[in-house]
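Chain residues, written in single-letter form:
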Amino acid sequence: MTKEQDIEQGLISKLEDLKYTYRPDIRDRLTLEENFRRKFEELNKVRLSDTEFERLKEQIVTPDVFAAAKLLRERNTFQREDGTPLQYTLVHIKEWCKNSFEVVNQLRINTQNSHHRYDVILLINGVPVVQIELKAFDVSPRRAMQQIVDYKNDPGNGYANSLLCFIQLFVISNRSNTWYFANNHSRHFSFDADERFLPVYRFAGEDNTKIVHLDDFAEAFLAKCILAEMISRYMVLVAGEQKLMMMRPYQIYAVRAIVECIHQNRGNGYIWHTTGSGKTLTSFKASILLKDNPDIEKCLFVVDRKDLDRQTREEFNRFQEGCVEENTNTEKLVQRLLSEDYADKVIVTTIQKLGLALGGNNKSKGKNGQNYKERLQPLSDKRVVFIFDECHRSQFGENHKAIKAFFPKAQLFGFTGTPIFDTNATYKQVEGKLASFKTTKDIFHKELHAYTITHAIEDRNVLRFHIDYFGAHAKGEKKDRSGKKAKVGALPTQQAVVEAILAKHQAAAAGRKFNAVLATASINHAIAYHRLFKEAQQARLDEDDSFQPLNIACLFSPPAEGNKDVAQLQEDLPQEKADNQEDPNEKKEALKAIIADYNEQYSTNHDLGNFDLYYQDVQKRIKDQQYPNSDLARVHKIDIVIVVDMLLTGFDSKFLNTLYVDKNLKYHGLIQAFSRTNRVLNDTKPYGNILDFRNQEKEVDEAIALFSGEDTQRPKEIWLADPAPRVIDKLKKAVSALNTFMESQGLDCTPEQVANIKGDEARAHFVNAFKEVQRCKTQLDQYTDLSEEERTTIEAVLPEDRLRGFRSAYLDTAQRLKFQQDKYGDDAGPVRQLDFEFVLFSSAVIDYDYIMGLISRFSQAAPRKQKMSREQLIGMLSSTANFMDERHVMVDYVKTLKEGEGLSEKAIREGYEAFKANRFAGELAKTAHKHGLETDALQAFVDTIMGRMIFDGEQLSDLLAPLALGWKERTTKELALMEDLMPLLKKLAQGREISGLGAYEN
């Protein structure tokens, strides 16, 4: 027996202990369907004829993952042979525990194009719902996940045309480590150079301790009633994206705690889940489960700003279409509170509207002039649940008292990433009176569940922070990394900050792949910064016309001047609200000028009268930063947005990685602001970057200590990225390991020797070794505080030219191995488990327009004036994953050009397209000759495919007809031709999908 078989048998025994029924007789499609039929007929108390069963299968089996998931959870109708309707469910949807639970192994589903075997599958009432893939050795979960998606992409695969379409969850384990993730359409998984964060989870206990051993995972997650609850209650079907989401363990425990607290009527409670951990999904699921509780009259999800109201409503409706409606004003809110419509049971509103509704004064009137509070009186003795988002912002003051006074039976639940403790409670003006912040515990009584930023960083659900301190402490001293105190001058001027940002942004934002926020101390500071950036960048352009200016936006609220929307917005923007009291006209004119600049930059038409639309547009551009630039040209993106209070709380974007700080921050305000930068994307974003120009190291240490959670040891080591010397040591070890490997192959450790590596196992070893080198270099490239000595050390360890050469060799080797991996799948030998992570080798800046501009400047400048030599240009092209299928063609084109020839960019583009067309024509002619075809006929065949982006098998038969082959010979010839033609078609497609081509992928 192999180790993998041992793991499989051990799991089956464990599941039998958990009262699953082992079904060794179910090994193929026929026995799977026969078992499903028996279970279906028992559940629905019916006997189907063979014809009816075939029609039922046709009705329920679908390649649409989302449709299948809905079908599994709903009551459905089937028309029987006699015309009568049969109301049926596939499983017992009211009480999932009452279903039968079975385990099968080594199931084979053979179709015309795929022959797959599945290790272990769990059946609920005969329906396959969980697939468990077992590995006998260490494997990247991302690679194992990709293998499953590769199976799903096979034409006519079992997931698309058998009962396997109902799989809800995939589990991957090598016994020691176990991961799980939701089934989805393949478009929700990406593995190329543009990959996003992949939702692979590890299960955990209520105290966030990981449960990763397969036996422990089986007990905690796969036990019959637990698995039933996971699938029926804690999976979310995201209607807007036709996507399945599995809640993370801490989200499940939080929802469960709230529901139980309400069920037992045990007062209030709060959830401490760190910023970025998905609180909206948690609160949505809690709200939806409360919808079905007959004892609860209403569930209100309360936010404290209009933009968060809109954002939360959109999120809720993304999870479930039409889940909540917009409350355009307080009157609308009151109407929905009084409505008995089931759709109005869950309401998203702002604390301000709620405060007006419960105010009880003469101004709080609506329909027929009747007081809102009087109209709401019938609700006062009902059980109403309030869930507060970021409760420390919205829950203090008169509004809280009004809710408690009006709804004595209400239960209040708060979500916060940064609770208010005695340490960070302060004083503020609350509705004209001086009041102290109460602690979160004072308001919500008990903590129901905690998942702190420390937990989230350890789980890689959010990133660590890399903090650079500039400026001075009050005593004028600063510590360097060695711990010695170094004398520094006064706080840097705004001009110095601008110069520092312009010098450091390229590194901080990974070559402008990401964007940044500059947090300033006041509106006047923000205005000054906007002007200074404009002047400084114009000065650089005047000196160097090749300088690429950063796209700078600026965002602060205007004077309210009676505008209720702006006044509401400013309730949580204390600095901006105060600033707008002084010289409001000056602020207004400055903001008008800033918006005018924005309109000119982005060809928009915003104005001060519709500030909210401008605000939304800025947020959208930050979120749409994603690369490559073909998705969104650089001219449409934002590099840095200057703010005062806005965007520092509640705003999320995976593409924001840097916060420049020129304002005093403390405790929860500091953590909230820093947490804008630490959303997970992929390995090109190793941490959130903080460049603090006020040297607030003491304040950072205090905040980390306060929000780390009670049981955390050494929180700074968890929260903060490794210092540069430690990463440099890792780089040295990675380069040393690469050198040792190359020597073991009898080769010098140089890029040109990579081509001489023999055998796929050795090439796979090189891929993994150099990937670690690149990972360390990616981290160091984003450090903005490297000393000259450290830069010299890095260059000595691996000179830039040599690194570029290795990157090029890596891409050549990886492409070759990826082709084998795609072609042979599990039969690809040592290549099958490789995870290439091409994203580490891609660049945000290097797009087609950028390259054509560079080549044009190379052509126009005389050799002695060149800023980039031919060799450097070729090296850059060869070492980026942005042009995987085209980079060799570009390199060969550059080799044909003469320095100083003076070609315009238009001529360069036209020349390249002609060169590429000639190259392709030559390759196509060679392919035609090899297979005995006329070149014109093959060209016409390819043109037809690319014109429609559809591959037609009949046209392929027509193409080969002149060869007069028998059917066996023709089939062999087709496969041989397509093997040569596929790479050419993929080059032409440039990432677009050619429908019908998948049949020849493997």
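Here we summarise the structure given alongside this text. (Residues numbered from 1 in each chain as written. Predicted model: local features only at pLDDT ≥ 70, side-chain atom pairs only at ≥ 80, totals over all residues. Heavy atoms only, no water.)

Comments concerning unusual backbone geometry
Part 1: For N265, which is not glycine, the phi torsion reads 55 degrees and is therefore positive.
Part 2: Structurally, N265 is set in the loop between α9 (249–263) and β13 (269–273).
Part 3: Residue E561 is not a glycine yet carries a positive backbone phi of 45 degrees.
Part 4: Position of E561 relative to the elements: it lies in the loop between β25 (552–555) and α21 (564–569).
Part 5: The exposure class assigned to E561 is exposed, which follows from its relative accessible area of 52%. (Helix = DSSP H or I, 4+ residues; strand = E, 2+ residues; numbered from the N terminus. Buried < 20%, exposed > 50% of the residue type's maximum accessible area, 1.4 Å probe, protein only.)

With respect to the pattern of salt bridges
Part 1: All told, the structure shown has 42 salt bridges when counted by the stated rule.
Part 2: One salt bridge in this structure joins K39 and E102, with 3.5 Å as the shortest N-O distance. Of the two residues, K39 is situated in helix α2 (residues 29–44) and E102 in strand β4 (residues 101–110); the sequence distance between them amounts to 63 residues. When sorted by exposure, K39 lands in the same class as E102, which is buried. (Salt bridge = Lys/Arg side-chain N within 4 Å of Asp/Glu carboxyl O.)

A word on the pairing of strand β20 (residues 447–451)
Part 1: Counting buried residues in β20 gives 4 out of 5 residues, a clear majority hidden from the surface.
Part 2: Where β13 and β20 come together, 4 bridges link them in parallel fashion. Across the sheet, residue I271 finds its bridge partner in β20, namely H449. (Pairing = 2+ DSSP bridges.)

Concerning the packing of helix α20 (residues 523–543) against helix α23 (residues 584–602)
When two helices pack together, their arrangement is given by the angle between their axes and by how far apart the axes lie.
Part 1: Running from N to C, α20 and α23 cross one another at 35 degrees; their axes reach a closest spacing of 11 Å. Considering the relative orientation of α20 and α23, their crossing is left-handed. Where α20 abuts α23, its residues I523, N524, I527, H530 and K534 lie against E586, K587, A590, I594 and D597.
Part 2: The residue makeup of the contact of α20 with α23, split by class, is 4 nonpolar, 2 polar and 4 charged. (Axes fitted to C-alpha atoms, helices over the stretch in contact; angles between N-to-C directions. Left-handed = near helix turned anticlockwise from the far one by under 90°. Contact = heavy atoms within 4.5 Å. Nonpolar A, V, L, I, M, F, W, Y, C, P; charged D, E, K, R; others polar.)

Re the sheet that holds strand β24 (residues 515–520)
Part 1: Taken in spatial order, the 6 strands make up an open sheet running β21-β28-β27-β24-β26-β25, and their pairing is parallel. Looking at which strands have only one partner, the edges of the open sheet turn out to be β21 (464–469) and β25. Within this sheet the neighbouring strands show an average axis-to-axis angle of 20 degrees, counted without direction.
Part 2: Bridge count between β24 and strand β27 (residues 656–662): 6 bridges; the pairing is parallel. Bridge pairing in β27 places T520 opposite D662.

Thoughts on the sheet that holds strand β14 (residues 298–303)
Part 1: On the basis of which strands lie adjacent, the open sheet formed by 6 strands has the order β15-β14-β16-β17-β13-β20 and parallel pairing. This sheet does not close on itself; its edge strands, each paired only once, are β15 (346–350) and β20. The mean inter-strand angle of the sheet, taken between neighbouring strand axes irrespective of direction, is 15 degrees.

Here's the deal with the state of the cysteines
Part 1: Taken as a whole, this structure holds 1 disulfide when the rule is applied.
Part 2: Residue C97 pairs covalently with C225 via a disulfide, S to S 1.9 Å. Highlighted residues: C97 in the loop between β3 (85–88) and β4 and C225 in helix α8 (residues 224–233), separated in sequence by 128 residues.
Part 3: C97 gets classed as partly exposed once you look at its relative accessible area, which sits at 39%. (Disulfide = S-S within 2.5 Å.)

Some details on the side chain of H530
Part 1: Of note, H530 is situated in helix α20.
Part 2: Accessibility expressed as a relative area gives 11% for H530, which makes it buried.
Part 3: Apart from the residues lying within four places of it in its own chain, the contact partners of H530 are I552, C554, I594, D597 and I642.

Focus on the side chain of Q696
Part 1: Tracing the backbone through its elements, the reader meets Q696 in the loop between β28 (687–692) and α26 (697–707).
Part 2: Using a relative accessible area of 5% as the deciding quantity, one classes Q696 as buried.

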